[in-house]
Amino acid sequence: MARLRMSLTAAALAGAALLASAGPAAACRTDPQADPTTWEYGGVYDCTKAAVGHGVRTYTKPSPVAFVVIKTGKTYFVSDLGDANEGDRTYTFDKPIRFVISCDFTDA
């Protein structure tokens with residue numbers, strides 16, 4: 001009986017250790033689209049990420065910005081490159097904006 005109890009305890013500890021080591025990685029997979037470096041295309045653009053106020057549903061992209069990536073809910077919106085240097089553009093969404101990634105041209 002003592003051997004059975006020791007075997008079950010060892011198996012439970014091994015299982016707990018396995019779950020503890022895999023738990024953080026499995027539970028919180030990062031979204032590569034939320035990382036500004038994903039949008040830099042090998043140094044062609046310099047991108048930064050910024051949060052917006054609570055409940056904001058519109059964003060105005062300044063004209064010198066090459067493009068913006070805007071996340072609303074689970075959806076990503078990417079503005080056209082043709083919008084760059086043609087004046088400010090305002091985008092309106094049905095859901096609140098979670099964050100905005102702004103990308104500027106570099107000299108690369």
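Definitions and limits used
Residues numbered from 1 in each chain as written. Predicted model: local features only at pLDDT ≥ 70, side-chain atom pairs only at ≥ 80, totals over all residues. Heavy atoms only, no water. Disulfide = S-S within 2.5 Å. Helix = DSSP H or I, 4+ residues; strand = E, 2+ residues; numbered from the N terminus. Buried < 20%, exposed > 50% of the residue type's maximum accessible area, 1.4 Å probe, protein only. Phe/Tyr/Trp six-rings, centres within 6.5 Å; stacked < 30°, edge-to-face > 60°. Contact = heavy atoms within 4.5 Å. Pairing = 2+ DSSP bridges. Axes fitted to C-alpha atoms, helices over the stretch in contact; angles between N-to-C directions. Polar contact = N/O pair within 3.5 Å; in protein donor to acceptor, adjacent residues only side chain to side chain.

(A) Summary view of the state of the cysteines. For the structure shown, the criterion picks out one disulfide. Note on cysteine connectivity: C47 is disulfide-linked to C103, with sulfurs 2.1 Å apart. Linking C47 and C103, the disulfide has an S-S dihedral of approximately 115° and is accordingly described as right-handed. Of this pair, C47 sits in strand β1 (residues 45-51) while C103 sits in strand β6 (residues 97-105), and the two are 56 residues apart along the sequence. Of the residues examined, C47 reaches a relative accessible area of 7% and is grouped as buried.

(B) Looking closely at the packing of aromatic side chains. Here the structure, examined in full by the defined rule, presents six aromatic pairs. Taking the centre distance of 5.6 Å and the plane angle of 40° together, the rings of Y45 and F105 count as tilted. Of this pair, Y45 sits in strand β1 while F105 sits in strand β6, and the two are 60 residues apart along the sequence. The exposure class assigned to Y45 is buried, which follows from its relative accessible area of 11%. Looking at F105, the relative accessible area reads 46%, which means it is partly exposed.

(C) Layout of the side chain of S102. With respect to the helices and strands, the residue S102 is situated in strand β6. Beyond its immediate stretch of four places on either side in the chain, S102 contacts D46, C47, T48, Y59, V65, F67 and V68.

(D) Seen up close, the sheet that holds strand β3 (residues 67-72). Strand order in the open sheet formed by four strands is β1-β6-β3-β4, and the pairing between neighbours is antiparallel. Strands with a single pairing partner mark the edges of an open sheet, and in this sheet they are β1 and β4 (75-78). Neighbour-to-neighbour, the strand axes of this sheet turn through a mean angle of 15°, independent of strand direction.

(E) The environment of K49, seen in detail. Of note, K49 is situated in strand β1. Take K49: its relative accessible area is 44%, and that puts it in the partly exposed class. Here the alpha-carbon distance between K49 and C103, two residues 54 residues apart in the chain, equals 8.9 Å. One polar contact links the side chain of K49 to the main-chain carbonyl oxygen of A34, over a distance of 3.2 Å.

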